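Geometric and topological summary
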Amino acid sequence: MRPDVIVYVCHNCVPPGTRMMRQWRLNGALVQVRQIPCSGKTDIQYLFHVLEGGGYGFCVVTCPSGECHLAQGNYRARIRVQTVQRLLGEIGLEPERAQILESSPRESPESFEQRIHAVVERICGLGPVPFGVNSLQEAIRQDYQCRA
């Protein structure tokens, strides 16, 4: 079963003691949390997979600006999420389907989890992408061809 919302969480920004569920349902939407070694490892292609499958959107959780453990991973992640937001707007979808959230390991586990749940609730409020995989892929392909 494909998730409706994916939360990609940088391993380095998870507060110690956090016991966040890896999967849950919110108003019928399947939410999955995937821990990654660095938010800079996110790729636009993989970010769009959630939407291509008819999902609602995604969130990338990064280290705070200037505090990335791997130099510029959070900067790369921010640029990629902003690119997805721009492309979504150009094809008539809500840019809010792509979210970025900064977090620090110094944050309390409760605050960390509450902020992630708040972002997921906003994404779930948008509902599924209103058109299928082929339409989204074609819109993205046309955008890239126009820019080449």
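Everything here concerns the structure above.
Anyway, here's the lowdown on the structure attached to this text. (Residues numbered from 1 in each chain as written. Predicted model: local features only at pLDDT ≥ 70, side-chain atom pairs only at ≥ 80, totals over all residues. Heavy atoms only, no water.)

Let us now look at the pattern of salt bridges. Applying the stated criterion across every chain yields a total of 5 salt bridges. Salt-bridge contacts for Arg86 lead to Glu90; the nearest nitrogen and oxygen are separated by 3.0 Å. With a gap of 4 residues between them, Arg86 and Glu90 both fall in helix 2 (residues 73-90), about one helical turn apart. Here Glu107 and Arg115 are joined by a salt bridge, their closest N and O atoms 2.7 Å apart. On the basis of relative accessibility, which here comes to 16%, the residue Glu107 falls in the buried class. (Salt bridge = Lys/Arg side-chain N within 4 Å of Asp/Glu carboxyl O. Helix = DSSP H or I, 4+ residues; strand = E, 2+ residues; numbered from the N terminus. Buried < 20%, exposed > 50% of the residue type's maximum accessible area, 1.4 Å probe, protein only.)

A separate point is the side chain of Gln32. Summarising the element assignment, Gln32 is placed in strand 3 (residues 29-36). The exposure class of Gln32 is buried, given its relative accessible area of 14%. A distance of 3.0 Å separates polar atoms of two side chains, one belonging to Gln32 and the other to Gln23. At a separation of 2.9 Å, a polar atom in the side chain of Gln32 contacts the side chain of Arg34. Those residues in contact with Gln32 that sit more than four places away from it in its chain are Pro3, Val5, Ile6, Val7, Arg22 and Gln23. (Polar contact = N/O pair within 3.5 Å; in protein donor to acceptor, adjacent residues only side chain to side chain. Contact = heavy atoms within 4.5 Å.)

Take unusual backbone geometry next. With phi around 50°, Asn27 is a residue other than glycine that occupies positive phi space. Taking relative accessible area as the criterion, Asn27 reaches 75% and is therefore assigned exposed.

With that settled, consider the packing of helix 1 (residues 44-52) against helix 2. One can describe the packing of helix 1 onto helix 2 by two numbers: an axis separation of 10 Å at closest approach and a directional angle of 45°. Judged by the inter-axis angle, helix 1 sits oblique to helix 2. Seen from above, helix 1 lies across helix 2 with right-handed handedness. Facing helix 1, whose interface residues are Ile44, Leu47, Phe48 and Leu51, helix 2 presents Arg80, Val81, Thr83, Val84, Leu87 and Leu88. Across the contact of helix 1 with helix 2, the residue classes tally to 8 nonpolar, 1 polar and 1 charged. (Axes fitted to C-alpha atoms, helices over the stretch in contact; angles between N-to-C directions. Parallel < 35°, antiparallel > 145°, perpendicular 65-115°, else oblique. Left-handed = near helix turned anticlockwise from the far one by under 90°. Nonpolar A, V, L, I, M, F, W, Y, C, P; charged D, E, K, R; others polar.)

Among the secondary structure elements, Met20 is positioned in the loop between strand 1 (5-10) and strand 2 (23-26). Dropping the residues within four chain positions of it, Met20 is found in contact with Val33, Phe112, Glu113 and Ile116.

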